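In case you want the letters, here they are:
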Protein chains: 2
Amino acid sequence: MRLINLSTNVSRAISCRSLTTIATSEPSKPEMKTKFPGPKTATMKNEMSKVHQNASTRAFFDYEKSFGNYVVDADGNKMLDVYMQISSLPLGYNHPELIALAKDPRIITSLVSRPALGSFPRTDFADMVKNSLISVAPKGLSEVQTMLCGTSANENALKTAFIYYSAQKRGGKPPTAEDLASCMKQQLPGTPKWTVLAFNGAFHGRSLAMLSCTRSKAIHKVDIPAHDWPISPFPRYKYPLEKNIDYNKKQDKDCLAHIAEQFKLRKAKGEDIAAVIIEPIQSEGGDHHASAEFFKGLQKITKENGSVFIVDEVQTGGGPTGTFWCHEQWGLETPPDIVVFSKKMISGGYYYSPALKVNEGYRIFNTWMGDPTKLVVLEKVVKVIKEQGLVKQAKDVGDFLKSGIANIQSSTDNIQNLRGVGTYVAFDLPTSALRDKFIEHSCNLGLHVGGCGDNSIRFRPALVYEKKHAEITLDIINQAIKKL
Amino acid sequence: MRLINLSTNVSRAISCRSLTTIATSEPSKPEMKTKFPGPKTATMKNEMSKVHQNASTRAFFDYEKSFGNYVVDADGNKMLDVYMQISSLPLGYNHPELIALAKDPRIITSLVSRPALGSFPRTDFADMVKNSLISVAPKGLSEVQTMLCGTSANENALKTAFIYYSAQKRGGKPPTAEDLASCMKQQLPGTPKWTVLAFNGAFHGRSLAMLSCTRSKAIHKVDIPAHDWPISPFPRYKYPLEKNIDYNKKQDKDCLAHIAEQFKLRKAKGEDIAAVIIEPIQSEGGDHHASAEFFKGLQKITKENGSVFIVDEVQTGGGPTGTFWCHEQWGLETPPDIVVFSKKMISGGYYYSPALKVNEGYRIFNTWMGDPTKLVVLEKVVKVIKEQGLVKQAKDVGDFLKSGIANIQSSTDNIQNLRGVGTYVAFDLPTSALRDKFIEHSCNLGLHVGGCGDNSIRFRPALVYEKKHAEITLDIINQAIKKL
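Every value quoted in this text rests on a predicted model; they were computed, and no experiment measured them.

What counts as what
Residues numbered from 1 in each chain as written. Chains lettered and ligands numbered in written order. Predicted model: local features only at pLDDT ≥ 70, side-chain atom pairs only at ≥ 80, totals over all residues. Heavy atoms only, no water. Helix = DSSP H or I, 4+ residues; strand = E, 2+ residues; numbered from the N terminus. Rg over C-alpha atoms; globule rule 2.2 N^0.38 Å. Buried < 20%, exposed > 50% of the residue type's maximum accessible area, 1.4 Å probe, protein only. Areas by Shrake-Rupley, 256 points an atom, 1.4 Å probe, with all protein chains shown as cover. Lys, Arg positive; Asp, Glu negative; His and termini not counted. Charge placed at Lys NZ, Arg CZ, Asp CG, Glu CD. Contact = heavy atoms within 4.5 Å. Axes fitted to C-alpha atoms, helices over the stretch in contact; angles between N-to-C directions. Parallel < 35°, antiparallel > 145°, perpendicular 65-115°, else oblique. Left-handed = near helix turned anticlockwise from the far one by under 90°. Nonpolar A, V, L, I, M, F, W, Y, C, P; charged D, E, K, R; others polar. Pairing = 2+ DSSP bridges. Disulfide = S-S within 2.5 Å. Least-squares fit on C-alpha atoms with pLDDT ≥ 70 in both. Phe/Tyr/Trp six-rings, centres within 6.5 Å; stacked < 30°, edge-to-face > 60°. Domains from an automatic or database assignment. Buried area = accessible area lost by both parts, 1.4 Å probe. Salt bridge = Lys/Arg side-chain N within 4 Å of Asp/Glu carboxyl O.

## A short note on the overall build of chain A
Here comes step 1: What chain A contains, in helices and strands, is 16 helices and 18 strands.
Here comes step 2: For 484 residues, the compact-globule estimate of 2.2 N^0.38 gives 23 Å, and the C-alpha radius of gyration of chain A, at 24 Å, lies within 12% of that figure.
Here comes step 3: Taking the principal axes of its C-alpha atoms as reference, chain A extends roughly 75 × 65 × 45 Å.
Here comes step 4: By residue count, 67% of the 484 residues in chain A fall in the buried class.
Here comes step 5: Taken as a whole, chain A presents about 16400 Å² of accessible surface, with 52% of it coming from carbon and sulfur.
Here comes step 6: Charge centroids of chain A, computed over 61 positive and 49 negative side chains, lie 2 Å from each other.

## A few points about the environment of Thr367 of chain B
Here comes step 1: Residue placement: Thr367 of chain B occurs in the loop between strand E13 (348–352) and helix H13 (372–388).
Here comes step 2: Judged by relative accessible area, which is 19%, Thr367 of chain B ranks as buried.
Here comes step 3: Each C-alpha atom, one on Thr367 of chain B and one on Lys238 of chain B, is 47 Å from the other, the two residues being 129 residues apart in sequence.
Here comes step 4: Every residue in contact with Thr367 of chain B, bar those within four places of it in the chain, is listed here: Gln85, Ile86, Ser88 and Lys343 of chain A together with Pro115, Ala116 and Leu117 of chain B.

## Points about the packing of helix H14 (residues 390–409) of chain A against helix H16 (residues 467–483) of chain A
Residue and element names in this part refer to chain A.
Here comes step 1: Viewed as axis vectors pointing N to C, H14 and H16 meet at an angle of 20 degrees, and their least axial separation amounts to 10 Å. Looking at the two axes, H14 sits roughly parallel to H16. Every pair of crossing elements has a handedness; the one defined by H14 and H16 is right-handed. Facing H14, whose interface residues are Val397, Phe400, Leu401, Gly404, Ile405 and Ile408, H16 presents Lys467, Ala470, Glu471, Thr473, Leu474, Ile477 and Asn478.
Here comes step 2: Looking at the contact of H14 with H16 residue by residue, the classes come out as eight nonpolar, three polar and two charged.

## Here we look at the sheet that holds strand E14 (residues 416–421) of chain A
Residues and elements named next belong to chain A.
Here comes step 1: If you trace the four strands from one edge of the open sheet to the other, you get E14-E15-E18-E17, paired in antiparallel fashion. This sheet does not close on itself; its edge strands, each paired only once, are E14 and strand E17 (450–452). Within the sheet, the average angular offset between the axes of one strand and its neighbour, ignoring direction, is 25 degrees.
Here comes step 2: With three bridges joining them, strand E15 (residues 424–428) and strand E18 (residues 456–458) adopt antiparallel strand pairing. When the bridges of E18 are listed, Asp428 appears paired with Ser456.

## A closer look at the state of the cysteines
Here comes step 1: Going through the model one piece at a time under the given rule, you end up with zero disulfides over all chains.
Here comes step 2: Just so you know, Cys452 of chain A is unpaired, no disulfide at all, and the nearest cysteine sulfur is the one on Cys326 of chain A, 14 Å from it.
Here comes step 3: By relative accessible area, which is 1% here, Cys452 of chain A ends up buried.
Here comes step 4: Free of any disulfide, Cys213 of chain B has its nearest neighbouring cysteine sulfur in Cys149 of chain B, separated by 15 Å.

## Focus on the pairing of E13 of chain B
All names here are of chain B.
Here comes step 1: Judged by how many residues are buried, E13 sits mostly within the fold: five of five residues are covered.
Here comes step 2: By the alternation rule, side chains of E13 split into Gly348, Tyr350 and Tyr352 and Gly349 and Tyr351, which are all buried.
Here comes step 3: Across five bridges, the pairing between strand E5 (residues 143–147) and E13 is antiparallel. Bridge pairing links Glu143 to Tyr352 in E13.
Here comes step 4: Where strand E12 (residues 338–341) lies against E13, four bridges are found, and the strand directions are antiparallel. The partner of Phe341 across the bridge, within E13, is Gly349.
Here comes step 5: Hairpin connection from E12 to E13: six residues lie between these consecutive antiparallel strands, with Lys343 at a positive phi of about 50 degrees.

## What to know about the relation of the copies chain B and chain A
Taken together, a rotation about one axis and a shift along it account for how the two chain copies relate.
Here comes step 1: Of the transformation placing chain B onto chain A, the axial shift is 0.0 Å and the rotation is 180 degrees, giving an RMSD of 0.0 Å. Expressed as an axis order, the relation between the two copies is that of a two-fold axis.
Here comes step 2: Most of the interface of chain B is mirrored in chain A: 99% of its interface residues are interface residues there too.

## Re the packing of aromatic side chains
Here comes step 1: Enumeration according to the criterion identifies 40 aromatic pairs over all chains in this entry.
Here comes step 2: Considering the side-chain rings of Phe234 of chain A and Phe295 of chain A, the 6.4 Å spacing of their centres and the 65 degrees angle between planes classify their relative orientation as edge-to-face. Of this pair, Phe234 of chain A sits in the loop between strand E7 (231–232) and helix H11 (245–268) while Phe295 of chain A sits in helix H12 (residues 292–304), placing them 61 residues apart in sequence.
Here comes step 3: A relative accessible area of 0% places Phe295 of chain A in the buried class.
Here comes step 4: Among the aromatic side chains, those forming a connected cluster through ring pairs are Phe61, Tyr63, Tyr83 and Tyr93 of chain A together with Phe120 of chain B.

## With respect to the domain arrangement of chain A
Residues and elements named next belong to chain A.
Here comes step 1: In terms of domains, chain A is made up of domain 1 (39–96 + 392–482) and domain 2 (105–387).
Here comes step 2: Here the C-alpha centre of domain 2 lies 27 Å away from the C-alpha centre of domain 1.
Here comes step 3: Every contact between the two is made by 26 residues of domain 1 and, on the other side, 23 residues of domain 2.
Here comes step 4: The contact between domain 1 and domain 2 buries some 2000 Å² in all, and 59% of this surface belongs to carbon and sulfur atoms.
Here comes step 5: Our count for the contact surface shared by domain 1 and domain 2 stands at two salt bridges.
Here comes step 6: Arg460 is paired through a salt bridge with Asp287; the nearest N and O atoms lie 2.4 Å apart.
Here comes step 7: Mapped onto the side of domain 1 that touches domain 2, the elements with two or more residues apiece are helix H3 (84–87), H14, E14, E15 and E18.
Here comes step 8: The element contributing the most residues to the side of domain 1 that touches domain 2 is E14, with five residues.

## Points about unusual backbone geometry
Here comes step 1: In the segment running from Leu188 of chain B into Pro189 of chain B, the intervening peptide bond is cis, with an omega of 0 degrees.
Here comes step 2: Locating Pro189 of chain B in the fold gives a position in the loop between helix H8 (177–183) and strand E6 (195–199).
Here comes step 3: With an omega dihedral of -5 degrees, the bond running from Tyr239 of chain B to Pro240 of chain B counts as a cis peptide bond.
Here comes step 4: Its place among the elements puts Pro240 of chain B in the loop between strand E7 (231–232) and helix H11 (245–268).
Here comes step 5: If you check the backbone angles, Gln186 of chain A has positive phi at about 60 degrees while not being a glycine.
Here comes step 6: Assignment of secondary structure puts Gln186 of chain A in the loop between helix H8 (177–183) and strand E6 (195–199).
Here comes step 7: In the Ramachandran plot, Tyr362 of chain B falls in the positive-phi region, its phi being about 65 degrees despite a non-glycine side chain.
Here comes step 8: Structurally, Tyr362 of chain B can be placed in the loop between E13 and H13.

Written out as structure tokens, the structure reads:
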């Protein structure tokens, strides 16, 4: 068998015509050439629609020309991006240390000779996992399962919880012959009636089971059958927090009481709540926060019922809240049972506590079970985050951004309920229409920002977002608010 | 903004220490150094288990040293691979035309500046889709939706069916205010009770909803709650087909009658069957085939009931059956409503008929909705398949393989029910234990082969599998059978 050095191979290849250029620096400020989205986006959307449904397409981006905190769209508009592909790019666009990975043979072999990871991992797979996911594991959780996206990670977290809960009910024993026979007919006892408790306003993905936990917007859910699973309220605080202490404490108390009641009601019906799934900050649903006391109380109830406590950090994980994992801020005495990630973590997946490890083959399984190319990228992302102190930077720049918005707020009624940790900042406008107008003005002033919930603005910059970017952001917020 | 030519960037990078070597040719025959799996796999499995559950791990592979039809494991065993990462590598390992993609800037930018495809596609995304998926679209289907894997594709195919079916029930009108309000509580009418009909022995993935359609093995399903959806029998033929015509025709007839009955029963309960999902060949469940007449009859019943006909070609698609899509062999008068793919297609996703296009935003949506790096690879895969006539080759080499196995069969009782189209060949052994023993012998003789169902062997070579590989395969089958 002949072997070839990749460098020769790539060197030969790169003389080829198809090569283009990739940006290596940011513009000093936004620069708009057309309205956003512009005419080229409109043409491309029409063209794309002939071969691929695209009702949600907002703009076409030129990913080779984008760099750092700045995205360049099809019309050549250069925008400061504080939405960052729905919060999924940790280091912004085309970070030089990541572009250098083009040389890494693990990328190209894993891409073109993709392993069925559950059966045939790469010889270096354990190292890949250690150098990436394990090096930033939440305290108390030292094992992980990779998946392809947040939704598949959440699906498998639920399965892990059901498997664990069923085994507990059997006194730790494996499924019986009756369990195995009845599950093929989807009947009791092999197919249990266990349920999952999730919250009003939650977002956990859009597969059928995850939609049964998701209650952020009706258009996501309508016409799709659902599991009849319990729904509890998530606290809805008044801001500023320091002026609404009693009201907010009562929110916590009422929500916890509702949750405890659901456990009782479902147990009485033989529909035990096997797992509780919750976001540290309800993001898609409108950036709703809850107190450390609420989460501690929730963990306590969950534990008392022998149920699995799943923290969905798909959007909050990876540093933007000023700690690597948002749940670190709660001061839990024991870790969550499962912590789910995706987005800024490049790979989907979940950390699990040792008690939940599934030791029987093919129960947590699929063909790809993740993607090694993403772990190679994450390895480098984690290195850059640590070397450059980017989590601390997110905290500091986030504080600067929030206090800047507070200043603007003092002279307008259109900014309400300012809230956030790190750069994970949000505020509300009085109505949906005003919120949408604010986004339109901001984008046309060169700030690419996103909304969430009914009338909120959410900031989701990359971790390379610095004070100078926050200053431009504040300037544009100020202008956009004045235009309302 | 500065721009840099990628060739400079990569050239600079490739001088770096971390570069290793990638194989560029096949060995002439298998070469075993240890038992399979060997001692290095055992050590690595133990090491991996400290950080990542791996109960299903069979062997660690050296993906840089593997090439074409040959995989090299951690212990240096060189095996002819007719399982190919659970049928997911179309051109085998490290195909030179794919390795050359290391130079393509679309790969590295899409990897490190990954788009949220549903909102912000690349400016060249429509071209990527046209040059890859659309260039091999099943007859009559000219639009596609990319997803990350087969399971997420199936989940979204079901959602598409539910949305379509609900709209038909409303006379084509959008959801009412009552629909939108009630779905947030997961109640009628916004959350319908529509069901999906799938088959005994089927495999459609392992998310909760897809597990409700999957009935291949109990260990996949046990302890996981399921939707109460109808199950019909899939024909179980006797072989050889030409000697069991009447029996097999009766199978078709009985199964179709059962299906028609399910439509009636569910409609009477207000649990209309909104979609039927079926594999052209039940693969995971044991390589069960059905006749063109059966599939035509199934499409007819589905159509008469206003239900959506979903063909899951995740494992059959992409050429191995001797036609690019297996369902081409049925001679349907109108195309299936949805055709789902993944595995050999590199990207997950589904083709849909124009009537099923979802024109409202955020109903078929998630953050990534696919991965452009996979489309760049598929573009090249399709080019190689067409240039080299690999679908025709799969047919011819498959015929050679099957007739060779038929020869071996004539002198043993241990090969039963030989069946297949193209290289998608299978046979049964008398028991599970004998099947497992056969796999063990074959692997230790250097043929990496996989099982399916209770006691079947399935052949899933890459499309670059030639007559010379089939000859080695036959030689090893012969030896392994003699060792039983």
